[in-house]
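Below are the chains, spelled out letter by letter.
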Amino acid sequence: MATIEECRAALDRLAESLAGAKGELRDAAAPDRSLSCHITDLDVTFSGHLVGGHIQDVERRAGTPERRAEIALTMSGDDLVALVDGRLNFAKAWAAGRVRVQASLRDVLRLRSLL
């Protein structure tokens, strides 16, 4: 089971790849959106803002998100780490219910291109 620190590090790696994205990927990462990621096995939520390809103002809170973000992800810590490391395919994990996403269809498609 991934630790809180490993999950936070995975989010930092995701932020780095968003910041370094080029072309179409950069366009996918560009919108300004609130973002949350609830880690089910740790019962912790990371929330922040996706701004210009960067995840900013990341906060960690126990439990589920207090309010719904524009892009809300729910998954286990292991799945978060595997997604960011490229060992888990986002579309397959989403279809299998391992990753839950609450977002507009456009944001889901953008997220799919990033992960």
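An account of the accompanying structure is given in this report.

Conventions we followed
- Residues numbered from 1 in each chain as written.
- Predicted model: local features only at pLDDT ≥ 70, side-chain atom pairs only at ≥ 80, totals over all residues.
- Heavy atoms only, no water.
- Helix = DSSP H or I, 4+ residues; strand = E, 2+ residues; numbered from the N terminus.
- Contact = heavy atoms within 4.5 Å.
- Areas by Shrake-Rupley, 256 points an atom, 1.4 Å probe, with all protein chains shown as cover.
- Phe/Tyr/Trp six-rings, centres within 6.5 Å; stacked < 30°, edge-to-face > 60°.
- Buried < 20%, exposed > 50% of the residue type's maximum accessible area, 1.4 Å probe, protein only.
- Pairing = 2+ DSSP bridges.
- Axes fitted to C-alpha atoms, helices over the stretch in contact; angles between N-to-C directions.

## Concerning the overall build of the chain
Right, on to step 1. Across its full length, the chain holds five helices and five strands.
Right, on to step 2. Secondary structure elements of the chain occur, N-terminal to C-terminal, as α-α-β-β-β-β-α-α-β-α.
Right, on to step 3. Restricting to contacts in the chain with at least 6 residues of sequence separation, those with at least 24 account for 59%.
Right, on to step 4. Carbon and sulfur atoms form 48% of the exposed surface of the chain, whose accessible area is close to 6,500 Å².

## A look at the packing of aromatic side chains
Right, on to step 1. A complete count under the given rule lists one aromatic pair for this structure.
Right, on to step 2. Where F90 meets W94, the ring centres are 6.1 Å apart and the plane angle is 20°; that geometry is what we call stacked. Of the two residues, F90 and W94 both sit in helix α4 (residues 90–95), four residues apart, roughly one turn of that helix.
Right, on to step 3. F90 sits in the buried class, given a relative accessible area of 1%.

## Topic: the side chain of S36
Right, on to step 1. Tracing the sequence through the fold places S36 in strand β1 (residues 33–39).
Right, on to step 2. Under the relative-accessibility criterion, S36 is labelled buried at 3%.
Right, on to step 3. Discounting chain neighbours no more than four positions away, the residues touching S36 are T45, F46, S47, P65, A69, I71, A72 and L73.

## A word on the pairing of strand β4 (residues 71–75)
Right, on to step 1. The element β4 is extensively covered by neighbouring structure, given that five of its five residues are classed as buried.
Right, on to step 2. Of the two faces of β4, the one carrying I71, L73 and M75 and the one carrying A72 and T74 are both buried.
Right, on to step 3. Pairing of β1 with β4, which is carried by five bridges, proceeds in the parallel orientation. Looking at β4, one finds that S36 is bridged to A72.

## Points about the sheet that holds β1
Right, on to step 1. Overall, mixed pairing links the five strands, which are arranged β3-β2-β1-β4-β5 in an open sheet. Every interior strand has two partners, whereas the edge strands, β3 (54–62) and β5 (100–102), have only one. Pairs of neighbouring strands in the sheet enclose a mean axial angle of 15°, with direction left out of account.
Right, on to step 2. Helix-sheet contacts for helix α3 (residues 77–85) involve β1 and β4, and the interaxial angle to β4 is about 115°.

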